[in-house]
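Architecture at a glance
If you want the building blocks of each chain, they are given just below.
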Amino acid sequence: MAEELSEAEESIIKDQHTKEIDLVNRDPKHINEDVVKVDFEDVIAEPAGTYSFDGVWKASNTTFTVTKYWCYRLLSALFGVPLSIIWGFLFAFISFCHIWSVVPCIKSYLIEIQCVSRIYSLCVHTFCDPVFEAMGKAFSTIKVTLHKEI
């Protein structure tokens, strides 16, 4: 039974690091939905009455699309892996700092401030509450009336 649990745990851990990558839908969470969708029509447009030759328009469209496609592929081939290493390191570092520094500091601060909070609350209830209650009773007898004179 213990061997089965450890095998199950191993498969869960292994699955987290070797999960399948979807090569068709590469943005399943729609992170870049409205950021980098740039087509020929988004960049170059000819208003009515100012048209170039149809052949020039088609060639420009094809040239733009193919150039964008291959430049992106070339840049991602050259810089994709090094940048993914840098980004992986950065997010690992941020996670490390958050887990090992930020959360413990916040928990420590909340524990320490709880003592100060109780002392402050006692001081306010001991000294300020009676003063403000007395002022409230004194000013509660004041009545303001407004008369409009013509």
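Residues numbered from 1 in each chain as written. Predicted model: local features only at pLDDT ≥ 70, side-chain atom pairs only at ≥ 80, totals over all residues. Heavy atoms only, no water.

1. A word on the overall build of the chain
The criterion, for reference: Where helices and strands are cited, they refer to DSSP runs of H or I of at least four residues and of E of at least two residues respectively, numbered from the N terminus. Think of it in three bands: residues with accessible area under 20% of the maximum for their type are buried, residues over 50% are exposed, and the middle band is partly exposed, with areas taken using a 1.4 Å probe on protein chains only.
Helices and strands together make up the secondary structure of the chain, namely 3 helices and 0 strands. Listing each helix as α and each strand as β along the chain from the N terminus yields α-α-α. Every one of the 150 residues in the chain was classed for burial, and the buried ones make up 1%.

2. Some remarks on the packing of aromatic side chains
The condition that has to hold: Whether two aromatic rings pair depends on their centres lying within 6.5 Å, for rings of Phe, Tyr and Trp, where Trp uses its six-membered ring; planes under 30 degrees apart make the pair stacked, over 60 edge-to-face, and the rest tilted. Comment: the charge-over-ring label is applied if NZ (Lys) or CZ (Arg) is within 6 Å of the ring centre and within 35 degrees of the ring normal.
One pass over the structure, following the stated rule, counts 6 aromatic pairs. Three or more aromatic residues link up through ring pairs in this structure, and these residues are Phe40, Trp57 and Phe64. The lysine or arginine in question, Arg73, covers the ring of Trp70, its NZ or CZ lying 5.6 Å from the ring centre.

3. Quick look at the layout of surface pockets
So the rule is basically this: Of the grid points, spaced at 1 Å and generated over the protein atoms alone, those admitting a 1.4 Å probe that cannot get out make up cavities, while open sets with protein on both sides within 12 Å along at least five of seven lines make up pockets; any residue with an atom within 4 Å of a point is treated as lining. Grid points are joined across faces, edges and corners, and a volume is the space filled by probe spheres set on the points. Here the term charged refers only to Asp, Glu, Lys and Arg, the term nonpolar to Ala, Val, Leu, Ile, Met, Phe, Trp, Tyr, Cys and Pro, and the term polar to all other amino acids, Gly among them.
Reported here for the largest pocket is a volume of approximately 1000 Å³. The wall of the largest pocket is formed by 19 residues, among which Arg26, Asp27, Asn32, Val36 and Tyr72 lie closest to the centre. In terms of residue class, the lining of the largest pocket is built from 8 nonpolar, 2 polar and 9 charged.

4. Notes on the UniProt feature "transmembrane region" (unreviewed entry) in the chain
Our working definition: UniProt positions are given in the numbering used here, feature names are shortened, and annotations may be inferred rather than shown by experiment.
As annotated by UniProt and renumbered to match this structure, "transmembrane region" (unreviewed entry) occupies residues 77-101. A helix fraction of 100% and a strand fraction of 0% characterise residues 77-101, whose end C-alpha atoms lie 36 Å from each other.

5. Here's the deal with a nonpolar patch on the surface
Here is the rule: Patch membership is restricted to residues that have no salt bridge and whose relative accessible area is over 30%. Joining uses 9 Å for like charges and 5 Å for the nonpolar side chains Val, Leu, Ile, Met, Phe, Trp and Tyr. Here, Shrake-Rupley sampling with a 1.4 Å probe gives the accessible areas, and only protein chains in the shown set may cover a residue. Salt bridges are identified by distance alone: a Lys or Arg side-chain nitrogen within 4 Å of an Asp or Glu carboxyl oxygen.
A cluster of nonpolar residues, Leu74, Leu75, Leu78, Phe79, Leu83, Ile86, Trp87, Phe89, Leu90, Phe91, Phe93 and Ile94, forms a patch on the protein surface that exposes about 1300 Å² of accessible area. Structurally, Leu74 is set in helix 3 (residues 54-140).

6. Section: the pattern of salt bridges
Charged atoms that come close allow side chains of opposite charge to pair. With the rule as written, the count across this model stands at 1 salt bridge. Between Lys68 and Asp39 there is a salt bridge; the shortest N-O distance is 3.9 Å. Within this pair, whereas Lys68 is found in helix 3, its partner Asp39 is found in the loop between helix 1 (2-17) and helix 2 (40-43), the two being separated by 29 residues in sequence. A residue is classified by how much of its surface remains accessible, and Asp39, at 44% relative accessible area, is partly exposed.

7. Examining the confidence of the model for the chain
Put simply, the rule is: A score between 0 and 100, pLDDT records how confident the predictor is in each residue.
Summing up the model confidence of the chain, the mean pLDDT is 86 and the portion of residues at 70 or higher is 88%. In the model of the chain, helix 1 stands out as the element of lowest mean pLDDT, 60, in contrast to helix 3, which has the highest, 94.

8. With respect to helix 3
As a reminder, the rule being used: Here, expected helix span is obtained from the residue count minus one, scaled by 1.5 Å. Bend at a residue means the angle formed by two fitted axes: the first through the 7 residues ending at that position, the second through the 7 residues beginning there.
Taking 1.5 Å per residue, 87 residues should reach 129 Å; helix 3 reaches only 86 Å between its end C-alpha atoms and comes up short. Bending of helix 3 peaks at approximately 50° at the position of Phe79, with proline Pro82 no more than four residues after it.

9. Details of the state of the cysteines
Applied cut-off: Note that a disulfide, as used here, is simply two cysteine sulfur atoms within 2.5 Å.
Within this structure, the stated rule accounts for 0 disulfides. No disulfide involves Cys128; its sulfur sits 8.5 Å from that of Cys123, the nearest cysteine. By relative accessible area, Cys128 is classed as partly exposed at 31%.

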